[in-house]
Amino acid sequence: MFSTMHRARWAAAVGAALVLPGCADFKNQLLQPQNPGIIDNSAVGSAAAAAALKVGAMGRIKVVYTSSETLWQEAGQVADEYQNADFQPDRNDVDQRTMATNSPYANYGSVTQARGYIRDALAAEYKYEPTKTTDIGELWMALGFIELSLGENFCNGIPLGNNTNGVVDYSSPSFKPLTNNEVFDAAIAHLDSALTSVGSASDSASVFVRRAALVLKARLLVDKGQYAAAAALVPTSAVATNWQYLFTTSTASSSDDNGIWTLNNSVSRVTVGDSVMAYQGKTFTIANAIPFFSLNDPRVPVITGASVKLVAEDGLTPLYLQQIWKNRDDAVALASGIDARMIEAEAKLNANDIAGMMTILNAARATPPKLGGVLQPAAMPPLATPATQDAATSLFFREKAFWQFSRGFRLSDLRRLVRQYKRTQDKVFPSGQHYKGGTYGSDVNFPVPDGELVNPQFHGCIDRNA
Amino acid sequence: MRLGRWRLTAAPGVLGAALLMLAGGARNASAQATITGRVTAQGTNAPLAEARVLVIGSTVSATTGDSGKFVVRGIAPGEVQLQVLRVGYQSQKKTVTIAAGGSATVDFTMSIAVAQLEEVVTTATGQQRRVELGNAVSTLGDVTKRVEETPNHTISDLLIAKSPGVTLLPGTELGGAPTVRIRGVSSISLSNAPIWYVDGVRYSAGSLNSGTDVNFSMLGSINPEDIEDIEIVKGPSAATLYGTNAANGVILITTKKGRSGQTHWNWSAEGRNIQDRVPYQDMYANFGHDPLSGKAKRCQLSSIVTPKFPFKIITDAKGVQSLDPKFADCIGDSLTSYNWMKDKDVTFVHPGKGSLFGLSINGGNEQVRYFVSSDVDNEIGPIQMPSYDVQRFDSLQIPVRNEWFHPSAQQRSSFRGNLSASLSPKFDLNVSSGFVKMDNRIPPESDLIIALYYVGMQNYGYKGCPAGTEKTGCGLDKIPTQADGVPLHDALQWDPGEIMQVTQQSDVQRFTGSINGNWRPFSWMVNDGTVGVDFAAVDFFQLCRLTECPPQSSTAQLGRVTDNQSKNRNLSAKVASTSSWNAKAWMNLKTSVGADYTNLEDDFSNTNGLTLPPGGSTVGAAATRSGSNRQPTAQKTLGLYVQEQAALRDRLFLTAAARTDQNSAFGQNFQRVVYPKVSASWIASDESWFPHPSYLNQLRLRGAYGASGVQPGATQALALFSAGTVSIPARSSTATGGTDTPALTANQPASPNLKPEKSTEYELGGEAQLLSNRLRLDYTFFRKSTHDALIQVAVSASSAASQLSPLVNIGATQGWGHEFQANAQLMDSRRFSWDVTLTGSHLSNKVVDLGIDPNTGKPRTLGTGQARQIPGLPLNSQWFRSYSYSDANGDGLLQRAEVVVDTAFKYYGYITPRDIISVQNGFDLFGRKLRINMMFDYKGGNSILDGANNFQCNTGPYACRDTQDPSFSQDRQAAAIAKQFGTSVNGTSYKTTVGYFRNAQFWKFREVSAVYQLPKVVTQRIRAQNGSTIVFGARNLHTWSSFTGIDPEANYGTSQAETQQEFQTTGLPTYFTVRLNLKY
């Protein structure tokens, strides 16, 4: 018995040595997450954090044109601004206008997700910096811009849902798919919030934000066919022709490069579009396409890749390089005075005031505003006044295409030519035999991808109409 | 912070109960006895070192030294049963009665056995006889012998095709990362890789991303020369006590230890010749001309003119003529083929070479034993700059750097010092330390277009300029020069020499060390503690100096450099105490309690620079610099366990155990996880009533049930925000620049309920030794069920949530399989003997449950593309649109309209191998002076994408045989049409790659070696000892497969989704080696 007790004591001593690590404090120290680099909720409860969230949100709206395969670049391929020079055959579908719904296109997820970052920032601003009405207005403007981008480029049937700290309630009415027109209305409402927030403040920042909101709202009214109302918002007195709201890029980070420059001028994954394409010993004529390369318009200067010893990524497609943004950090306009002029000109067109339209267009040609951060086009001779409304429409959209090249307008404009000007898609979009095999399809927008089907209220695009 | 989430009652409670058992397990102490003896081989009477001598029913044991002698101390008096075990010999038992404080001598003479298996294996509670375990454990047997006698240079060489149930896809590049899966896959979202331990220390086995496409393995820093044993603990039933993260199995590596006796010096030297004998495919050019213009052009089979598929000219309203795209557009004239990769005049494929020099010293006495080793292993891969590029650089007076000339290279220097000390009869101390420095040069070789194999394999299908076309641009579609005028010599798009200027290097410096103490205060108790660290500093460097490298982007030749550094720091500590008690004469009980702790930390910094000055090569020298870094993140696990084992008459072994884990990665609301385990092992043939037919020597039946888990990522449960800078424009109409401004964005919401995936597994099996122990059979069936599987449940993007695919514990999967192994001594005579080992396994799995889809109210499915998760089907089931074809016009060729792609997707099976078979043969000749080893292995039951043809046939210049050669099969023509053109329905194009999703089954002649014992006349002259050998070996000699791509074993792109594929990469090279092993 004694020896058994003796051994038990020994065993207890050994066991105690094992138990020691189990003592609470020591154990908690052992298990405490040691992730000093992370930023958690405790860091975002201040005015400074609200400001940082706002900056983060403004960075996320650049998703339309930065990083690879962006909305503006792919929209430019569906339209005639760019053609595919990628070596991945799967990427022909965008250029060829034959997009299936099981793949996401045009950065759909990131574009719509940007709304969440803006809402996070708005909530923080209202909580911690409610008096910074210009900043709040700028965020509402950004929200309107993202919704505009969704409505102009994707099919009818876009939900504008929401979440609460990552928790999603799909029964919310916000998850109901909206037509493009309804998305435009939502965007207009948020731009009105921007204008209300900024109010009539006269400081330069408020004026700057107000102009952006006005131009975007006017653009949305044009999307809705309310041309006169649109023009009324952006007279020269409100938005000067040389005014621009720029997306600038960080020179310190290669991940914040101008995405247009990256995809075209640097990695050569797309080539500036033309109406003729020479490929593998054969020449293809692309119906309806503006020959951006061949014309080498001062507003869209283009050079060949050979001049800078670059070839297209696939090694076969002729490479044409835009020269508006020649450097990785050249700024791109989110909204600008020339946008306002085009809105005014289109209002004239729709008011059957072709002469008035030509006055605006020729004034811009005579005194071209700077495009982006760098390009100052030379003055151009005036255009002759077209004889018919149809010819005027064609001329207007052609001029608009040059002024607003690669800034996310062209696909929407081609859609409007179908929707508002009653032309058929095969007379508007690039059509015929595609240079990489097969023929162009009939898509006029991007589908909301099948991934959205987890939203029970979404059952696919309502339609793929223009 | 999650302080205090461990409930205080738990640990003391568990341990207290264990201690009570432990105390109860005690028996009367009395003066301890000693047994000495000697172990020799039957026939030769040679002493056998490294034999384990165990006192059955106790915790004491000993190992023989050089002389074969052993001393077992601390034995309780009375009748004692000794058992001696040694790999390659039949185990033996003897009984001796010994008085208190007395001593006895027992000698053993052992006969050779066919089963080349370790009979003592390492478990979480310490070393145990294999027969006591209810689960299967694979051991590699005598690793030293394998390394010396077969061409094994890496850990994956050692492991491949050796153990049933283990699937290993070796990296195809020098230093490339292997993919190791044990008993298939069970996790959809987390890692399916096993965890690794080296001498009791958790060992980081991840891969290093080179920044392009090639992943390099941290396992490359394990030196096979230092390994004594490798054990594979296969699944939760065996790995329960390894806890969270062990559900995918555990691989335990034990390094060599010193042994008592005279000092042994082992010198090794090896030379290697490395040949790329991959069957690169010919490319083709169908020379033709345009029917309308007469201009030369490359014809595509799908639109070439045939008697039944003519061309048709249409005229538009303006009178312009063109070819109707619905008809043919090319008149074929002639066909050529060319294989740039095999063209000796231009190819970069040249034999590589390698060498190994190693020295190890071991020795010592009963008190202190040591093992010291050092090896230097150099290898240059089978890639060399083409001579025309060397000449071009010479003419430009650009010195060709060695890293350009041989861009594939590896150097591994390793040092090991292991010390074992018996500080007292009751206390042993083992120190293990290893340092490895491994440098890799990595060619840009596959994925990206700036890639050697891309420009070599995907050529134009003809060499030079066809007659008559020299003046018109070299005919057809060939671009004879790079964009900057550098001649391509028929390579595609980029000059290989300039690609080789892309200098990529990785550098790993790694120390792994542990201290183990083994204290035996009583004959009935052993306490074992280990603490160790694994430190790895990794640097990856990529450089293109000013004006170097292909001009594939506008910034490519401005000079660019990337320097990524990461550090892994693992701390492992464990203690275990085992107490034994002979409760009855026929029953021995063993109680074990233990605790372990791991802390796996890593951090990194990524920096890059653009625009370098002449000669500049560092980020600091660049005009534009950017970088990011992450402070350490840690994954910490604290586990406690208790185990009770009962041995009944040393023939029936029952085990019950439980482990509880707490982990820093679990969600706030999840406290701990408990993993239970039970197992039984029964040596039925030892029962007195068991019939003993002459052919059956032993039969053991076993079964086990257990659970373990896989933890989520270190920070997956936490709410996170990401920081960065954003350029914000000045809000002024005149400013064109912005200001970099600090920014925050939400990254992921908190997941307070996040918990580990939990896998339970049962296995049943048995082993039989037959025909005078000349045949050993081993069979196991297992079924593994995983619950709480983490599934990335897609959140609607329209919700604008910061995380669109959060992990949720809602899934369930199941895997099952059969494992079989047979070892046989088919012939055994003095002149000739033949042993064979056959292993095989068949693995299956399926998704059981993914929860209910709120949209449909039906079981959820995941994925809409090639890889899908669907209940009832395998994990990562493969889906494609199918297609059909018919040569309707009977012209022998397929046109686009004759291939119809379905709009719907169809299930196409597994992508990872299900059937693994290997056959290892050993032949001893000339009185065992010469031994020949051969191994063949098979993988099958799966299909993978033939990435080479899938790409080459569907991108410019479309020069693969499928699109060019009219004599090629219609099956292949249809595959190309289905992929490139597909079928258009209502304006939407439906294409499919299924024509390139090919059966990947193959047999490979994996290794062969001839081991010749140096004759006495030679060994005497060089004063070496017996056992010195010269070995001629070869590896990856031949592959038999119907797979149409480069290598069915390629694992480029293997990721968590198990998407095995080959894509513009190479296959395994063939090694020819000669090695000298000298023993002193």
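Residues numbered from 1 in each chain as written. Chains lettered and ligands numbered in written order. Predicted model: local features only at pLDDT ≥ 70, side-chain atom pairs only at ≥ 80, totals over all residues. Heavy atoms only, no water.

J.: Please explain the overall build of chain B as it appears in this structure.
T.: Broken down by element type, chain B carries 12 helices and 56 strands. For 1080 residues, the compact-globule estimate of 2.2 N^0.38 gives 31 Å, and the C-alpha radius of gyration of chain B, at 32 Å, lies within 12% of that figure. For the C-alpha atoms alone, the extent of chain B along its principal axes is close to 115 × 75 × 60 Å. Looking at chain B residue by residue over its 1080 residues, the buried ones come to 61%. When contacts within chain B are restricted to residue pairs at least 6 apart in sequence, long-range pairs at least 24 apart make up 70% of them. (Helix = DSSP H or I, 4+ residues; strand = E, 2+ residues; numbered from the N terminus. Rg over C-alpha atoms; globule rule 2.2 N^0.38 Å. Buried < 20%, exposed > 50% of the residue type's maximum accessible area, 1.4 Å probe, protein only. Contact = heavy atoms within 4.5 Å.)

J.: Please clarify how the overall build of chain A should be interpreted in this entry.
T.: Scanning chain A from N- to C-terminus turns up 16 helices and 8 strands. When the backbone C-alpha atoms are referred to their principal axes, chain A occupies close to 120 × 60 × 45 Å. The buried share of chain A, taken over its 466 residues, is 62%. Counting contacts in chain A only where the partners sit at least 6 residues apart, residues at least 24 apart contribute 71% of the total. If you sum the accessible surface of chain A, you get close to 15,500 Å²; carbon and sulfur atoms cover 57% of it. Measuring between centres, the 40 positive side-chain charges of chain A sit 1 Å from its 43 negative side-chain charges. (Areas by Shrake-Rupley, 256 points an atom, 1.4 Å probe, with all protein chains shown as cover. Lys, Arg positive; Asp, Glu negative; His and termini not counted. Charge placed at Lys NZ, Arg CZ, Asp CG, Glu CD.)

J.: Looking at this structure, how should I read the interface of chain A and chain B?
T.: A common way to express how large an interface is: the accessible area buried when the components associate. Of the residues lining the interface, 124 residues belong to chain A; the matching set on chain B comes to 120 residues. Between chain A and chain B, the buried area comes to about 9,100 Å², and carbon and sulfur atoms account for 61% of it. Run the count over chain A and chain B and you get 4 salt bridges. Measuring nitrogen to oxygen at the nearest pair gives 3.0 Å for the salt bridge that ties R731(B) to D135(A). Run the count over chain A and chain B and you get 25 residue pairs in polar contact (both at pLDDT 80 or more). In terms of residues, the side of chain A that touches chain B owes the most to one element, helix α1 (residues 2-19) of chain A, which gives 12 residues. (Buried area = accessible area lost by both parts, 1.4 Å probe. Salt bridge = Lys/Arg side-chain N within 4 Å of Asp/Glu carboxyl O. Polar contact = N/O pair within 3.5 Å; in protein donor to acceptor, adjacent residues only side chain to side chain.)

J.: In this structure, what is going on with the sheet that holds strand β25 (residues 331-338) of chain B? I would like to understand it.
T.: Strand pairing in a sheet is mediated by backbone hydrogen bonds. Such pairs are either parallel or antiparallel. Residue and element names in this part refer to chain B. The 3 strands are arranged β22-β21-β25 in an open sheet whose pairing can be described as antiparallel. The open sheet has two edge strands with one neighbour each: β22 (296-298) and β25. Geometrically, the sheet is characterised by an average inter-axis angle of 30° between neighbouring strands, direction not taken into account. Relative to β22, strand β21 (residues 283-289) runs antiparallel, the two sharing 3 bridges. The partner of F287 across the bridge, within β22, is R298. (Pairing = 2+ DSSP bridges. Axes fitted to C-alpha atoms, helices over the stretch in contact; angles between N-to-C directions.)

J.: I'm lost on the packing of aromatic side chains in this one. Help?
T.: Aromatic ring pairs are defined here through the distance separating the ring centres and the angle between the ring planes. Residue and element names in this part refer to chain A. Overall, the coordinates contain 41 aromatic pairs over all chains when judged by the stated rule. Taking 5.5 Å as the distance between ring centres and 55° as the angle between the ring planes, the aromatic pair formed by Y82 and F405 counts as tilted. In this pair, Y82 is assigned in strand β1 (residues 82-84) and F405 in the loop between α15 (389-403) and α16 (410-419), connecting sequence segments 323 residues apart. For the pair shown, Y82 and F405 are each scored as buried. On the basis of an interplanar angle of 65° and a centroid distance of 5.3 Å, the ring pair of Y108 and F154 is categorised as edge-to-face. Here F154 lies in the loop between α7 (133-153) and α8 (180-198) and Y108 lies in helix α6 (residues 108-128), a separation of 46 residues in the sequence. Relative accessible area serves as the criterion here: at 2%, Y108 is assigned to the buried category. Following the ring pairs from residue to residue traces out a cluster consisting of Y65, W72, F145 and F247. (Phe/Tyr/Trp six-rings, centres within 6.5 Å; stacked < 30°, edge-to-face > 60°.)

J.: How should the sheet that holds strand β18 (residues 227-233) of chain B be read in this particular structure?
T.: Residue and element names in this part refer to chain B. Pairing is mixed in the open sheet, where 5 strands are placed in the order β11-β18-β19-β14-β15. Unpaired on one side and paired on the other, β11 (137-139) and β15 (201-203) mark the two borders of the sheet. Averaged over all pairs of adjacent strands, the angle between strand axes in this sheet comes to 25°, irrespective of strand direction. The pairing of β18 with strand β19 (residues 250-255) spans 6 bridges and is classified as antiparallel. Paired with E231 across the two strands is L252, which belongs to β19.

J.: Help me understand the side chain of T317(A) in this model?
T.: Residue and element names in this part refer to chain A. Relative to the helices and strands, T317 is located in the loop between β6 (302-304) and β7 (320-322). Reaching out from T317, the side chain makes a polar contact with the side chain of D314 at a distance of 2.5 Å. What T317 contacts, discounting residues up to four positions off in sequence, is N84, A85, T271, M277, Y279, A312, Y435 and K436.

J.: Please explain empty space enclosed by the protein as it appears in this structure.
T.: One way to see where empty space is left: roll a probe the size of a water molecule over the atoms. All names here are of chain B. Taken as a whole and judged by the stated rule, the model has 16 cavities of 30 Å³ or more. Taken as a whole, the largest cavity encloses approximately 550 Å³ of empty space. If you trace the largest cavity, you find 40 residues lining it, with G171, E173, L174, G175 and Y1071 closest to the centre. For the lining of the largest cavity, the secondary-structure elements that each account for two or more residues are α3 (155-159), β20 (261-275), β27 (368-380), β28 (409-424) and β54 (1029-1041). With 3 residues, α3 is the largest single contributor of residues to the lining of the largest cavity. (1 Å grid on protein atoms, 1.4 Å probe; cavity = no way out; pocket = protein on both sides within 12 Å on 5 of 7 lines; lining within 4 Å. Points joined across faces, edges and corners; volume = space filled by probe spheres on them.)

J.: Quick question: what am I supposed to make of a positive patch on the surface here?
T.: Residue and element names in this part refer to chain B. On the surface, R830, R831, K929 and K1016 cluster together to form a positively charged patch. Tracing the sequence through the fold places K1016 in helix α12 (residues 1016-1021). For K1016, a relative accessible area of 54% gives the class exposed. (Patch = residues over 30% accessible without salt bridge, like charges linked within 9 Å, V, L, I, M, F, W, Y side chains within 5 Å.)

J.: When you look at the pattern of salt bridges in this model, what are you seeing that I'm missing?
T.: Any two side chains of opposite charge can pair if their charged atoms end up close together. Residue and element names in this part refer to chain B. Overall, the coordinates contain 86 salt bridges over all chains when judged by the stated rule. Put simply, D439 and K437 hold a salt bridge, and the shortest N to O gap is 3.1 Å. By relative accessible area, K437 is classed as partly exposed at 27%.

J.: What exactly am I supposed to notice about the pairing of strand β26 (residues 352-364) of chain B here?
T.: Consecutive residues of a regular strand have side chains that alternate between opposite faces of the sheet. All names here are of chain B. Judged from the 12 bridges that link them, β20 and β26 form a sheet pairing that is antiparallel. In the strand pairing of β26, N273 is matched with K353. Summarising the sheet, β26 and β27 pair through 12 bridges and their orientation is antiparallel. By the bridge assignment for β27, G364 is matched with R369. What sits between β26 and β27 in their antiparallel hairpin is a turn of 3 residues.

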